[in-house]
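One-letter residues, chain by chain:
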Amino acid sequence: MSLKIRLARGGAKKRPYYRIVVADSRSPRDGRFIEKIGTFDPLKPKDAEDRFTLDVEKAKAWLAKGAQPTDRVARFLDSLELVKRAARNNPNKALPGKKAQERAAEAAKAAEAAAAAAAAPSAE
């Protein structure tokens, strides 16, 4: 049985509140879980003391048993220096799509042609 330390959503519509739980990876997000080890309230300011709470001893015990944190929970654990989270970087994500690149190439070609046309009469 593979275990995950993940967020389970609660709260009302457009008012999210999350529990940090240990659950079987096959169970649904808000479904059955093994143990609740903390909470996360994204509506509170980032510098608020009680934005997220975590029972550190329980988290260490579950990590020792092989539970894998999800990316968001890994960020929390990294802030408490329990797990080292590798920084993600995808430089290709910021590149424009294929069609946009084609349009930019056409625009550059048209600008080159216009500049060449403007330079040619002045050379005479």
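For the structure itself, consult the block above.
Presented here is a report on the structure given in the accompanying data block. All values derive from a computational prediction rather than experimental measurement.

**So, the overall build of the protein**
Check the secondary structure of the protein and you find 3 helices and 5 strands. Helices (α) and strands (β) of the protein occur, in sequence order from the N terminus, as β-β-β-β-α-β-α-α. By the compact-globule yardstick of 14 Å for 124 residues, the protein is too spread out, its C-alpha radius of gyration being 26 Å. With respect to the three principal axes, the spread of C-alpha positions in the protein is 85 × 30 × 30 Å. When each of the 124 residues of the protein is scored for burial, the buried share is 23%. Considering only contacts within the protein whose residues lie at least 6 apart along the sequence, 30% involve residues at least 24 apart. Carbon and sulfur atoms form 52% of the exposed surface of the protein, whose accessible area is close to 9,100 Å². Side-chain charges of the protein comprise 27 positive and 16 negative groups, with the mean position of each set lying 7 Å from the other.

**Digging into unusual backbone geometry**
Phi is positive for Lys14, close to 60°, though the residue is something other than glycine. The backbone of Glu81 shows a phi angle near 60°, a positive value even though the residue is not glycine. Relative to the helices and strands, Glu81 resides in the loop between helix 2 (71–79) and helix 3 (98–123).

**Here's the deal with the nonpolar core**
The nonpolar side chains of a soluble globular protein tend to be buried, and buried together. Residues Ile5, Leu7, Ile20, Ile37 and Trp62 are the most contacted members of the largest nonpolar core, which totals 15 residues. Elements with a contribution of two residues or more to this core: strand 1 (3–12), strand 2 (15–24), strand 3 (35–40), helix 1 (56–64) and helix 2. Not counting the four nearest positions on each side in its chain, Ile37 is found in contact with Ile5, Ile20, Val21, Val22, Thr53, Leu54, Asp55, Lys58, Ala59 and Trp62.

**A closer look at helix 2**
Listed in full, the buried residues belonging to helix 2 are Val73, Ala74, Phe76 and Leu77. Seen end-on, helix 2 carries its buried residues on one side only, within an arc spanning 155°. Of the residues one or two after helix 2, Glu81 is the one with positive phi, at around 60°.

**Let's talk about the side chain of Thr39**
Considering the arrangement of structural elements, one finds Thr39 in strand 3. When near neighbours in sequence (up to four residues on either side) are disregarded, Thr39 contacts Tyr17, Tyr18, Arg19, Ile20, Arg51, Phe52 and Thr53.

**Concerning the packing of aromatic side chains**
One pass over the full model with this rule turns up 3 aromatic pairs. Summarising the aromatic geometry, the rings of Tyr18 and Phe40 are spaced 6.0 Å apart at their centres and angled 25° between planes, so their arrangement reads as stacked. A residue pair is termed long-range when its members are at least 10 positions apart, and Tyr18 in strand 2 and Phe40 in strand 3 qualify at 22 residues. The burial state of Tyr18 is the same as that of Phe40; both residues are buried. With centroids separated by 4.5 Å and ring planes inclined at 15°, the aromatic side chains of Phe52 and Phe76 adopt a geometry described as stacked.

Analysis parameters
- Residues numbered from 1 in each chain as written.
- Predicted model: local features only at pLDDT ≥ 70, side-chain atom pairs only at ≥ 80, totals over all residues.
- Heavy atoms only, no water.
- Helix = DSSP H or I, 4+ residues; strand = E, 2+ residues; numbered from the N terminus.
- Rg over C-alpha atoms; globule rule 2.2 N^0.38 Å.
- Buried < 20%, exposed > 50% of the residue type's maximum accessible area, 1.4 Å probe, protein only.
- Contact = heavy atoms within 4.5 Å.
- Areas by Shrake-Rupley, 256 points an atom, 1.4 Å probe, with all protein chains shown as cover.
- Lys, Arg positive; Asp, Glu negative; His and termini not counted.
- Charge placed at Lys NZ, Arg CZ, Asp CG, Glu CD.
- Core = buried A, V, L, I, M, F, W, Y, C linked by side-chain atoms within 4.5 Å.
- Arc of directions from axis to C-beta.
- Phe/Tyr/Trp six-rings, centres within 6.5 Å; stacked < 30°, edge-to-face > 60°.

Read these as spatial facts, not as claims about activity.
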